[in-house]
Amino acid sequence: MIVIKTPSEFQKWREKQSDKTIGFVPTMGYLHDGHLSLIKQAKTDNDRVVASIFVNPLQFGAGEDFTTYPRDLLRDRELAKEAGVDVLFLPDKKDMYPSPMASLIRITQGIDTLCGKNRPGHFDGVATVVMKLFQIVQPNSAYFGLKDAQQVAVIERMVKDYFVPIEIVRVPTVREADGLAKSSRNVHLTDAERRQASAIYRTLSEIKEHVMSGKETIMNLELAGKKKVEEETKSSVDYFTIRHFPSLDPVEQINEAKESELIIACAVAFSEVRLIDNIIFKL
Ligand code: PAF
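As the structure is a computational prediction, the values presented were derived from the model and not from experiment. (Residues numbered from 1 in each chain as written. Predicted model: local features only at pLDDT ≥ 70, side-chain atom pairs only at ≥ 80, totals over all residues. Heavy atoms only, no water.)

Novice: I'd like a rundown of the sheet that holds strand β1 (residues 2–4), residues and numbers included.
Specialist: Within the open sheet, the 6 strands sit side by side as β1-β4-β3-β2-β5-β6. Their pairing is parallel. Edge positions in the sheet fall to β1 and β6 (167–171), since each of these pairs with one other strand and no more. The sheet shows a mean angle of 25° between the axes of neighbouring strands, taken without regard to direction. One ladder, built from 3 bridges, connects strand β3 (residues 48–53) with strand β4 (residues 87–89); its direction is parallel. Of the residues in β4, the one forming a bridge with Ser-52 is Phe-89. Docked against the sheet, helix α6 (residues 122–137) engages β2 (22–27), β3, β4, β5 (141–145) and β6, running at close to 150° with respect to β2. (Pairing = 2+ DSSP bridges. Helix = DSSP H or I, 4+ residues; strand = E, 2+ residues; numbered from the N terminus. Axes fitted to C-alpha atoms, helices over the stretch in contact; angles between N-to-C directions. Contact = heavy atoms within 4.5 Å.)

Right under this line is the structure:
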């Protein structure tokens, strides 16, 4: 595995790969099985796999967990190498964000709900860094986990809007045995919270069955889901929302949703960490 730290060095490597397909896995590090499944899929589909690690300050709001976001570069390098990454790209802040910054991607659709609603500027930060990484890496395809479903929707739309010739590959969420979605942030749960956190996926699955049966209104199911997760996790639920996917438009009537995919998404604020999860399905 080659480790590259600057965009110019990366571009030199990239110029020599013109006859190869490149799969790209952008990450913020602290790699877990979810990232490894993205790398595995990228390896299956491409001649070369590039992964990046950059904890992107631009996507963290004031008071969010930028400084405490878990980091372990030595371990990440080992895991990336074992997983078969060909190039690990580790840019630093001064290369990614020369000061003062002169341009920014601004997301204007699909952010009035889920995480976009309570994290103003978050998806502008994600889109800006992903666009910069895409310009440097120039991959054929890029791999994103569906745990961050709104991020996937935003990036798919951005790629379409800016005619970026990169295929966005959606990869299913990887879960612990009790259903909790794998996330770098799970290390910040206390032992009790870790046990309670399994209620998130359990409740999403139960509410999905109720949506499928079509007997309750969307609003009642959102309220019931929120109440159940709050009771079982003993934590506050930021949102428990049912929407169309990937538009994230509201679902007025369950019947109207027969042709499209739906998402049930939830965010829970534990004592030290906020976790998100979702289920995407067709009726
Ligand atoms: O999903 C993440 O880890 C980040 O949002 C991403 C896509 C690497 C951009 O910083």
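After that view, the rundown keeps rolling.
Novice: Mind laying out the site of the ligand, listing which residues take part and the relevant values?
Specialist: What surrounds the ligand is the set Pro-26, Thr-27, Met-28, Asn-56, Gln-59, Val-129, Phe-144, Asp-148 and Gln-151. Within the side chain of Gln-59, one N or O atom sits 2.6 Å away from an oxygen atom of the ligand. Between the ligand and Gln-151, the relevant distance is 2.7 Å, taken from an oxygen atom to a side-chain nitrogen or oxygen of the residue. Its free accessible area being 290 Å², the ligand has 89% of it covered by the protein chains. (Near = heavy atom within 4 Å. Polar contact = N/O pair within 3.5 Å; in protein donor to acceptor, adjacent residues only side chain to side chain. Areas by Shrake-Rupley, 256 points an atom, 1.4 Å probe, with all protein chains shown as cover.)

Novice: Mind laying out helix α7 (residues 149–161), listing which residues take part and the relevant values?
Specialist: A rise of 1.5 Å per residue sets the reference length of α7, with its 13 residues, at 18 Å; its end C-alpha atoms lie 18 Å apart and thus fit the reference within 8%. Of all 13 residues that make up α7, 10 are buried, and the element is covered over most of its length. Within α7, burial applies to Ala-149, Gln-150, Gln-151, Val-152, Ala-153, Val-154, Ile-155, Glu-156, Met-158 and Val-159. Looking one or two residues beyond α7, the residue adopting positive phi is Phe-163, at roughly 50°. (Expected span 1.5 Å × (residues − 1). Buried < 20%, exposed > 50% of the residue type's maximum accessible area, 1.4 Å probe, protein only.)

Novice: Go over the packing of helix α9 (residues 198–213) against helix α10 (residues 218–233) with me, naming the residues and quoting the values.
Specialist: The geometry of α9 relative to α10 is characterised by a closest axis approach of 10 Å and an angle of 160° between their N-to-C directions. In terms of orientation, α9 lies roughly antiparallel with respect to α10. By crossing handedness, the relation of α9 to α10 is classed as right-handed. For the pair α9 and α10, contact is made by Ala-199, Ile-200, Arg-202, Thr-203, Glu-206, Ile-207, His-210 and Val-211 and by Leu-221, Ala-224, Gly-225, Lys-228, Val-229, Glu-232 and Thr-233, respectively. Partitioned by chemical class, the residues of the contact of α9 with α10 number 7 nonpolar, 4 polar and 4 charged. (Parallel < 35°, antiparallel > 145°, perpendicular 65-115°, else oblique. Left-handed = near helix turned anticlockwise from the far one by under 90°. Nonpolar A, V, L, I, M, F, W, Y, C, P; charged D, E, K, R; others polar.)

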